[in-house]
Amino acid sequence: MQSIKRNKWMTAIVGILLIIGLAACSNNEANTSKTGNEEEDAGEPVVSETLKVAYASDPDTLDWSYTGASPTRDVAWHIFEMLFALDNDFAIQPMLAEGYEVNEDRTLYTIKVREGVKFHDGSVLTAEDVVASIERWGKISSVGKTTFTHIESVTATSENEVQVKLIEPYNSLLADFAAPKSALIIIPAKVAEAAGEQPLKPEHLIGTGPYAFEKWDRGQEIVVKKFADYSAREEEDWGGLTGKKTAYFNEIKFMIVKDPQVILNGLKTGLYDYGQSIPTDLNEVVASTPNVDPVTYMNGYSTITPDKSEAPFNDIKVRQALNHALDKKVIAEATYGSEEFYQLDGALFVPEQVELYSDKGSDDYLAYDKELAKKLLEESSYNGETLKVVYSSNSEEYNKIAQVAKQQLEEVGFKVELISYEWATYLEKWGDPANWDLVVIGWSTRFSPNELGMLVPNIQSSGWYESPRWSDLIVQWGEAETGEQQKEILTEMNQTVNDELPFIKIANLTTLDIKTNKIKNYENWLGQRFWNTWKAE
Amino acid sequence: MLQYTIRRLFSLIPVMFIVSIIVFMIIHLTPGNPAHLILGEDASEESIKQLEEQLGLDQPVVMQYVNWVKDIVTGDFGQSVYSSEPVLDIIIGRLGPTFSITIVSIIMILVISIPIAIAAVWKRNTLIDPLFISISLLGVSIPEFWFAMLLVLGFAVSIPLFPVAGYIPMADGIFQWLYHLILPSFVLAAVEIGLVARMLRDGMLESVNQDYIRTARAKGVKESIVLMKHVFSNALIPTTTVIGAMVAGLLGGTVIIETMFTIPGMGQLLVDSIYRRDYPIIQGVILFIAVVYVIVNLLVDLLYTFLDPRIRYD
């Protein structure tokens, strides 16, 4: 009897102790004062030993020509440079090129290569290297393959001069050369030859960038070291991926850390200096953490894409009903929370991309109208079949979009079933129209109409979109000579998507990173760039 | 004994064979393949087919299996689809962290659970025993990931005693190595400490009132010696069985712990490779874990003969 009583007592004591322990931990969290975040004076630049970046995903390769994936890009642009590159406003500027000339009928580009630029292996950049790099890019890069349908030949005409001869005028040439996606990186000719059409191996990672590749322990860390012989440009105000780049770190460690909570805790305790990709739900926690600053930057947009190869979405009326049924504002609010992290804009490019953005032609983007949607659906060929809405379970955001969209679609009379797959499975299921009617998917920022994956004719990523009107605009884009003409075409492109509804845009996205407040003069541009920034002592 | 060991080692062959078939079938029946993943969202069907051919994924699954087994027999476990590094090298590179956590947590389990169990039996009519039962129940019931988060919050963030994550190889300093392993190993050990301690306590309680123990006491042997020499050693056999099974469990548990503490071990390698459909690595790691499992069980069986000379295998 006594022992039972004792037992009860002990259980109670243990329980109380546990509760006190938990309360102590959570109190600590709530008591953290709200300092930090204020942007102080950047002060004088200082060189420091190591920058530790907690990076959320391990790239498949560091060959930036081979893939358009952001993890590859964000590490690779510290190592490699391009002939031309985008500046802060997404305008094309020379990088390893000195300048260029084009002949009168716009079929011959003569590009001057900067003299005395050194590769990480000590060799000096020549026109031969540029030619070899361009040719390899034409074979392996998704952008390069398209560009090469317009190119007749690429030749080195002297030590520092390259000529690109075109089959017919193609005015996107420099834009393609400068696109930071499956990019035209300049590597030594012998490396290009050795690598061939395979991704660059670690021993081939030789570029001209401010940091040189040091080592890569897969799944653990990628280390780049400051390149002492870096040949910098002089322009201080270009930004983006060109202009003057100064490395203030002797080494940068990109450490693969997948759990955002670990990243945040690591920053709090000084284990990392920078953390990539924090869920926006943690925004308030970040704001209340001392010595940790939020870093936000634009990062593409989310879409819902219908399968247009078969019923019901081969009927434009069903697509119109879909568009009017979706209240994008509500979806975006539910998905991204604070207005800081989304932007309602129907254009194909985002406003920051000054040269590519047209605010016209997307009038039906926010045309939420339940009654109209019901009416259109009744008039359409939709026969009450259940729509399969497919998305990748790896993104909580896709899940939220799908949930809210389901509710809105059911309100106007669609029948909806949600199906989520893990990413690799998703990619395979995507390839067969029988598996889905709608997919929820996000697209990273693109730099040319040629690269809009959700509009590439007749493949799964566009839901088998086929449109003479769009294809014609892509041809016109290649022929446009002035910025004005391009703007007109861009407006017409917006209008085409607005009318034909190959996909429904939800919202532009802003991504959240975090950094310690010791990192000064830092700005994200598309992704993480660690030149011209330093860590205060 | 030697014969027995050799026989047991030979039994590895059919086990490996069955494991290899099951693993191979499961991962090849799972949808998704590396070609899709490497080429990304807007890849054309044609380029995917091309890459599949390059990777040999266009061949019938049976052919792929036969080729793989043929290579293994010659000691070649294949290459990672992504990095082209040999699978064996990759696995060897990841062994250190996983074995480190496993060994440190086994030591923690033994060092903590044995004295606790002895104390509980020794003071079996006092407060200590029910307290022990409550805590060990708590230990067994706590989900690992939650406990890990709690410990990190408490002892790495609020009171920064330990690092929140990371791993330092032993070669870079034994203190740093241990320092980084304490939290993750403790989380891994927590569940098992309760289990092992209870196993020991129950085994000891069973024999504590047996005739030979009473005889020992009647001879005037001190209670502490009775407990250690007679009671404790009799509880060792069932406990060893539990510990043997536990080692395999720990290897599985490291999957979660390694992710939560960003420790580059086998668990993380396995999870990453599954997400990436890096078939050769998945196959290699699972085969490896199966081998470890079989060998640990063999060692446990051999250990019995030392713990209890009455057990013989010849």
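Residues numbered from 1 in each chain as written. Chains lettered and ligands numbered in written order. Predicted model: local features only at pLDDT ≥ 70, side-chain atom pairs only at ≥ 80, totals over all residues. Heavy atoms only, no water.

(A) Up close: the overall build of chain A. Helices and strands together make up the secondary structure of chain A, namely 15 helices and 19 strands. Against the 2.2 N^0.38 benchmark of 24 Å for 537 residues, chain A shows a C-alpha radius of gyration of 26 Å, consistent with a compact globule. For chain A, the spread of C-alpha atoms along the principal axes amounts to about 100 × 65 × 40 Å. Within the span of chain A, comprising 537 residues, buried residues form 55% of the whole. Contacts in chain A between residues far apart in sequence, at least 24 positions, make up 73% of those at least 6 positions apart. Only carbon and sulfur atoms are counted for the fraction: they give 48% of the accessible area of chain A, which is about 21800 Å². (Helix = DSSP H or I, 4+ residues; strand = E, 2+ residues; numbered from the N terminus. Rg over C-alpha atoms; globule rule 2.2 N^0.38 Å. Buried < 20%, exposed > 50% of the residue type's maximum accessible area, 1.4 Å probe, protein only. Contact = heavy atoms within 4.5 Å. Areas by Shrake-Rupley, 256 points an atom, 1.4 Å probe, with all protein chains shown as cover.)

(B) Molecular detail of the nonpolar core. In terms of nonpolar packing, the biggest core is built from 127 residues, with Ile304, Leu348, Phe414, Leu455 and Trp470 of chain A together with Phe261 of chain B touching the most fellow members. The leading source of residues in this core is helix α9 (residues 174–208) of chain B, at nine residues. Residues contacting Ile304 of chain A, with those up to four places away along its chain left out, are Leu326, Ile401, Ala405, Leu438, Val439, Val440, Phe503, Ile504 and Ile506 of chain A. Ranked by size, the runner-up nonpolar core spans 78 residues in total, among them Ala85, Ala97, Val191 and Ala195 of chain A. (Core = buried A, V, L, I, M, F, W, Y, C linked by side-chain atoms within 4.5 Å.)

(C) Summary view of the pairing of strand β5 (residues 108–113) of chain A. Residues and elements named next belong to chain A. With five bridges joining them, strand β4 (residues 97–102) and β5 adopt antiparallel strand pairing. Paired with Gly99 across the strands is Lys112, a residue of β5. Between β4 and β5, which pair antiparallel in sequence order, lie five residues; one of them, Arg106, sits at a positive phi of approximately 55°. As judged from the five bridges shared by β5 and strand β7 (residues 161–166), these two strands associate in the antiparallel manner. Note on β7: the bridge partner recorded for Leu108 is Lys165. (Pairing = 2+ DSSP bridges.)

(D) Just the interface of chain B and chain A, in detail. Each partner contributes to the interface: chain B provides 42 residues, whereas chain A provides 48 residues. For the chain B and chain A pair, buried surface summed over both sides reaches about 3900 Å², with 60% attributable to carbon and sulfur atoms. Counting the surface chain B buries against chain A, the share from its top three residues, Glu41, Asp42 and Arg276 of chain B, is 15%. Run the count over chain B and chain A and you get three salt bridges. Of the charged contacts in the structure, one is a salt bridge between Arg277 of chain B and Glu422 of chain A, with a shortest N-O distance of 2.7 Å. Where chain B packs against chain A, one counts seven residue pairs in polar contact (both at pLDDT 80 or more). (Buried area = accessible area lost by both parts, 1.4 Å probe. Salt bridge = Lys/Arg side-chain N within 4 Å of Asp/Glu carboxyl O. Polar contact = N/O pair within 3.5 Å; in protein donor to acceptor, adjacent residues only side chain to side chain.)

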